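Chain and residue survey
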Protein chains: 2
Amino acid sequence: MTNYALAIHGGAGTILKSLMTPEKENQYRQGLKDAIEAGEAILKNKGTALDAVEAAVRSLENNPLFNAGRGAVFTNDGKNELDASIMRGDTLQAGAVAGVRNIKNPVSLARAIMEKSEHVLMCGEGAATFARSIDAEFADDAYFFVQARYDQLQEAKKTDRVFLDHSGEASAEDNKKKFGTVGAVALDVHGNIAAATSTGGMTNKKFGRAGDSPIIGAGTYANNKTCAVSCTGHGEFFIRSVVAYDISCLMEYKGLSLKDACDEVVHKKLVKIGGEGGLVALDANGNIELPFNSEGMYRASVKQGEEIATAIYRD
Amino acid sequence: MTNYALAIHGGAGTILKSLMTPEKENQYRQGLKDAIEAGEAILKNKGTALDAVEAAVRSLENNPLFNAGRGAVFTNDGKNELDASIMRGDTLQAGAVAGVRNIKNPVSLARAIMEKSEHVLMCGEGAATFARSIDAEFADDAYFFVQARYDQLQEAKKTDRVFLDHSGEASAEDNKKKFGTVGAVALDVHGNIAAATSTGGMTNKKFGRAGDSPIIGAGTYANNKTCAVSCTGHGEFFIRSVVAYDISCLMEYKGLSLKDACDEVVHKKLVKIGGEGGLVALDANGNIELPFNSEGMYRASVKQGEEIATAIYRD
C-alpha cells in the first residue's frame, strides 16, 4: 500500500498579511482545513484519489470565501459562470465544463461528463442540458449570490475594469479582490493520482471568456507516470504555456524531479512571460510541491501520518 | 531568408478510394489546392506564417466540402456550432473560440481574440458579442446550410447516433460521412511558424460538446523553437493526450526530430488508446510531416521552389 497524500489550493494572487484581519485569516485557514479533511477522510478509508480531489474541491466550491461554486464572482452582466475539470492519472480519462450556470458543484459535473458521456468538454447551455439529463444538482441564483462579490462587480463596472483572479494591481487596492480558482491533487493508497480544478472566473468578465481551469493540459492534468497538477493564476498565460502538461513532460521526457519541473515552469517560464499564479502538484511517490510566483496562495497539504499544514503567504 | 513551407489538412477518417467518385475526388483536391495557393501567395510575397495559415484555413472554411465555416455539420438541434484556434510561434500568443454561431470565418475571430482582446479563449454567445464589437463578418443560417450536411443530421437522428468527424464505423457506411476539421501550419521567410485549426464539430452533437480544435496544446500549437501543429481526429482522445504540445515537448525535452515525435504520438500513443486521426506539422527548418492513423486524411503541402502536393488516401 502506498502512503496517501493530498494538496489543495484556494487561489493565488496579491495576498498580503498587512491587508488581512486575524478573523478573516482564520476563516480562510478553516476553509482550507475543512476541504483537506473532506479529501483526507476518503484517502484514509482507502478511497480513490479521484473521490478525494472531488470531495476537497466540492468543499471549496461550497464555501463562499473561495471563487468557485458558491462565492463565484460576477460576470459583466451579473451572472455566475463556472468552469471546472478533473482527470484521473491511471486511465488518463478526463472531464471538463466551461461557462455553465446554476450548477451547485461544477467539479462533479466535470466528473459526470468524464464518466457518463463520450465527451471530455462541454460548454454553456449545452452542458446544463446534459446536467439535467443526469439529474445533477442545480442551485438558483440566490444560492450563488454573495454580497461582497456583487459589490466587487459594481466597483469594477465603475471603472470598466476586469479584475483577474490574481491581478496584482487590483488586489493591492483592496484585500477583498483576492479571489481565485480552487483545486486539489491526491495520491491514494492504491498508488493512483488525480487532479481537479474549479473556478468562477473573473469579476466583470465579458465575452464568454474561459481561462485555463476547464482546459486539460493547461489548468489540470494527471498521469500516474509523472504527476497530478491543478493550477491557479492568470489563465491566459497558463493556457499559452500548457502549464500542467508542461510539468508532466519535463518529468517524463527530461527526467526532472517534480520539484525541479515545478521550479522551471512557475519560477522561470511563467515569470518570463508575466504569468502570475501558482499550482499544487504531487507525484506517485507522494512528493508534494506548492509553488507560486505571486505574493501568496491559499494552500494546504497533508501526508499520511502527518499533520495538516495550511499556508497563505510566502514563507 | 528562410525557405517558406506550408501544409494543410481537410480532415481525417475512413476515406476509401472505393467509395469516392473521380468527380468528388477532383473537387476535394481542387479545394485543397485552392487553400494552399491562398496561403502560398502570402508566403511568396514575404508575408507572415500567421497570415498564411489564416488565409489557408479561411479558404477551407469558405468551401462547403469541408466541415468548417460554410459546410459545417449540424448539431442535434439543427444548428452549426463552430470552433477554431490560432497560435504564433514567435510570441506564443494564441486565440481560440468555441461553440460560436453565424461567424463566417471562425479562424479570423480566433485571431481577433488573440490580437484585440486580453483573452485567449471565448465561448458561445459571449464570443459572438465580442465578434460584433469588432465588426467581425457574420453570415446567416442560410449561408451555412448545405443540404448534404442536413441529410446527414436526419440520418443520424433516426438512429440517435452521434457521427464523430472521423468515426470509422459511420464513415464506412457512406462516403458522405467523412468530414473533419481543417487546419494549416506554415513557416515564413522570416523564420517564424504558426498554426491554425477550424471545425464544425460532429453531426448530431449535443450538450455543447467541444473537441480539441479550440484547445491550445491539444488541437493547435506553435513554437518557433520546436514545431507548429494542427490536428484532426477524435477530439476527446486528442484532448486527453494534449497531442499538439506533446509533439513539441518530445522535440524540446527529449531531442526527437519532428518525424520521430509525430510517429511516437500519432502511430504509437494515440493508437494505443484508440485515438483515430492525424495532423499536419512543420518545424523552423521547413521539415513537414503529415501523419495519420486513419484510412485517409485530406492533405496538401508545398515548399518554396517545389510543386504543390495533394493527397487523400494512404500511400
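Figured I'd write up the structure that's included with this text. (Residues numbered from 1 in each chain as written. Chains lettered and ligands numbered in written order. Predicted model: local features only at pLDDT ≥ 70, side-chain atom pairs only at ≥ 80, totals over all residues. Heavy atoms only, no water.)

**Observations regarding the overall build of chain A**
Threshold: Only DSSP runs of H or I reaching four residues or more are called helices, and only runs of E reaching two or more are called strands; each is numbered from the N terminus. Computation of the radius of gyration draws on C-alpha atoms alone. For the globule rule, the value is 2.2 Å times the number of residues to the power 0.38. With a 1.4 Å probe rolled over the protein chains alone, any residue whose accessible area is under 20% of its type maximum counts as buried; one over 50% counts as exposed, and the rest are partly exposed. Between two residues, a contact is recorded if the distance between any of their heavy atoms is within 4.5 Å. For accessible areas, the Shrake-Rupley method is used with a probe of radius 1.4 Å. Any residue's cover is judged against the shown protein chains and nothing else. We treat Lys and Arg as the positive residues and Asp and Glu as the negative residues; His and chain ends play no part in the count. Note on charges: their place is set at NZ of Lys, CZ of Arg, CG of Asp or CD of Glu.
Each helix and strand counted, chain A has 10 helices and 13 strands in total. A compact globule built from 315 residues would reach a C-alpha radius of gyration of about 20 Å, and chain A, at 17 Å, matches this within 12%. The principal-axis extents of the C-alpha atoms in chain A amount to approximately 55 × 45 × 35 Å. Classification of the 315 residues of chain A by burial places 64% in the buried group. For chain A, contacts bridging at least 24 residues in sequence account for 68% of all contacts bridging at least 6. Just so you have it, chain A exposes about 10,800 Å², and 46% of that area is on carbon and sulfur atoms. Side-chain charges in chain A split into 35 positive and 41 negative, and the spacing between the mean points of these groups amounts to 2 Å.

**Some remarks on the environment of B:Leu187**
Relative to the assigned elements, B:Leu187 resides in strand E5 (residues 182-187). The spatial distance from the C-alpha of B:Leu187 to the C-alpha of B:Gly71 is 28 Å, given a sequence separation of 116 residues.

**Let's talk about the nonpolar core**
When a protein is soluble and globular, its nonpolar side chains tend to lie buried together. How we decide: What we call a nonpolar core is a set of buried Ala, Val, Leu, Ile, Met, Phe, Trp, Tyr and Cys residues that are connected through their side-chain atoms within 4.5 Å.
Counting 98 residues, the largest nonpolar core has A:Ile247, A:Leu279, B:Ile247 and B:Leu279 as its most contacted members. Dropping the residues within four chain positions of it, A:Ile247 is found in contact with A:Cys227, A:Val229, A:Leu258, A:Ala261, A:Cys262, A:Val265 and A:Leu279.

**Some remarks on the sheet that holds strand E9 (residues 228-233) of chain A**
All names here are of chain A. Our working definition: In this scheme, strands are said to pair when DSSP sees at least two bridges between them. With axes taken as lines fitted to C-alpha atoms, and helix axes fitted only over the stretch in contact, angles between N-to-C directions fall between 0 and 180 degrees.
Pairing is antiparallel across the open sheet formed by 4 strands, whose spatial order is E8-E9-E10-E11. The open sheet terminates on both sides in strands that have one partner only, identified here as strand E8 (220-222) and strand E11 (288-289). Alignment of E8 against E9, held across 3 bridges, turns out to be antiparallel. Bridging from a neighbouring strand, tyrosine 221 pairs with valine 229 of E9. Along the sheet, helix H10 (residues 258-273) contacts strand E10 (277-282) and E11; its crossing angle with E10, the most-contacted strand, is approximately 165 degrees.

**Quick word on the interface of chain A and chain B**
As a reminder, the rule being used: Accessible area that two parts lose when put together, evaluated with a 1.4 Å probe and summed over both, is termed the buried area. N or O atoms within 3.5 Å of each other form a polar contact, as long as, within protein, one can give a hydrogen and the other can take it, and as long as residues adjacent in sequence are counted only when both atoms are side-chain atoms. In this count, Pro and Cys sit with the nonpolar residues alongside Ala, Val, Leu, Ile, Met, Phe, Trp and Tyr, while Asp, Glu, Lys and Arg are called charged and the others, Gly among them, polar.
Tallying the contact residues gives 37 residues for chain A and 37 residues for chain B. Here chain A packs against chain B, burying approximately 3,200 Å² in sum over the two surfaces, 68% of which is carbon and sulfur. Ranking the residues of chain A by area buried against chain B places A:Phe207, A:Arg240 and A:Tyr253 at the top, with a combined share of 25%. Taken together, the links from chain A to chain B amount to 18 residue pairs in polar contact (both at pLDDT 80 or more). At the level of secondary structure, the elements contributing two or more residues to the side of chain A that touches chain B comprise strand E4 (121-123), helix H4 (124-133), strand E7 (209-210), helix H8 (235-240) and helix H9 (243-254) of chain A. Sort the elements by how many residues they give to the side of chain A that touches chain B and H9(A) lands first, with 6 residues. Here the side of chain A that touches chain B is composed, by residue class, of 21 nonpolar, 9 polar and 7 charged.

**Considerations on the pairing of strand E3 (residues 94-100) of chain B**
Residue and element names in this part refer to chain B. Taking burial as the measure, the 7 residues of E3 include 6 buried ones, the bulk of the element. Judged from the 5 bridges that link them, strand E2 (residues 82-88) and E3 form a sheet pairing that is antiparallel. The residue bridging leucine 82 from the neighbouring strand is valine 100, located in E3. Between E2 and E3, which pair antiparallel one after the other, the connecting turn spans 5 residues, and leucine 92 there sits at a positive phi close to 60 degrees. Taken together, the 3 bridges between E3 and strand E4 (residues 121-123) define a ladder with parallel strand orientation. The residue bridging valine 97 from the neighbouring strand is methionine 122, located in E4.

**Considering the side chain of B:His119**
Following the sequence through the fold, B:His119 ends up in the loop between helix H3 (106-116) and E4. At 2.8 Å, the side chain of B:His119 forms a polar contact with the side chain of A:Glu236. Discounting residues that sit within four places of it in the chain, B:His119 has contacts with A:Met202, A:Arg209, A:Glu236, B:Ala94, B:Ile113 and B:Met114.

**Here's the deal with the relation of the copies chain A and chain B**
Where we set the bar: Least squares is used to superpose the copies, and the fit set is the C-alpha atoms of residues whose pLDDT is at least 70 in both copies.
Turning chain A through 180 degrees and shifting it by 0.0 Å along the axis lays it on chain B, with an RMSD of 0.0 Å. One copy is carried onto the other by what is essentially a two-fold rotation axis. Of the residues that chain A buries at the interface, 100% are likewise interface residues in chain B, meaning the two copies contact each other through the same surface.

**Let's talk about the sheet that holds strand E10 (residues 277-282) of chain B**
Residue and element names in this part refer to chain B. What the 4 strands build is an open sheet, ordered E8-E9-E10-E11; its pairing is antiparallel. The outermost strands of the open sheet, each flanked by one partner alone, are strand E8 (220-222) and strand E11 (288-289). Taken strand by strand, helix H10 (residues 258-273) contacts E10 and E11, and its axis lies near 165 degrees from that of E10.

**Quick word on the pattern of salt bridges**
Put simply, the test is: Any Lys or Arg side-chain nitrogen found within 4 Å of a carboxyl oxygen on Asp or Glu counts as a salt bridge.
Scanning the model with the defined rule gives 30 salt bridges over all chains in all. Between B:Glu252 and B:Lys225 there is a salt bridge, and its shortest N-O distance comes to 3.1 Å. Of this pair, B:Glu252 sits in helix H9 (residues 243-254) while B:Lys225 sits in the loop between E8 and strand E9 (228-233), and the two are 27 residues apart along the sequence. Owing to a relative accessible area of 28%, B:Glu252 belongs among the partly exposed residues under this scheme. Here B:Lys225 falls in the exposed class, since its relative accessible area comes to 64%. Through salt bridges with shared partners, a single network forms among A:Asp51, A:Glu54, A:Arg111 and A:Glu115.

**A closer look at the state of the cysteines**
Selection rule: Disulfide assignment relies on a single distance test, namely cysteine sulfur atoms paired within 2.5 Å.
Following the criterion strictly, the structure yields 0 disulfides over all chains and no others. Cysteine B:Cys123 is unpaired, with the sulfur of A:Cys123 as its nearest cysteine sulfur at 4.7 Å. Taking relative accessible area as the criterion, B:Cys123 reaches 14% and is therefore assigned buried. As a non-bridged cysteine, B:Cys227 has B:Cys262 as the owner of its nearest cysteine sulfur, 7.1 Å distant.

**Here's the deal with the side chain of A:Glu61**
Within the secondary structure, A:Glu61 is located in helix H2 (residues 49-62). Buried within the structure, A:Glu61 lacks any salt-bridge partner; its nearest side chain of opposite charge belongs to A:Arg58, at an N-O separation of 6.0 Å.

**A word on helix H4 (residues 124-133) of chain B**
Residues and elements named next belong to chain B. Listed in full, the buried residues belonging to H4 are Gly124, Gly126, Ala127, Ala128, Phe130 and Ala131. Elements in contact with the buried residues of H4: E3, H3 and E4. Two residues or fewer after H4 comes aspartate 135, characterised by a positive phi angle close to 55 degrees.

**Looking at H9(B)**
All names here are of chain B. As a reminder, the rule being used: A helix is expected to span 1.5 Å for every residue after the first.
End to end, H9 covers 15 Å across 12 residues, agreeing with the expected 16 Å (1.5 Å per residue, within 8%). Counting buried positions along H9 gives 10 out of 12 residues, so the element sits mostly inside the fold. Within H9 the residues assigned to the buried category are Val243, Ala244, Tyr245, Asp246, Ile247, Ser248, Cys249, Leu250, Met251 and Tyr253. One or two positions beyond H9, positive phi appears at glycine 255, with a value near 75 degrees.

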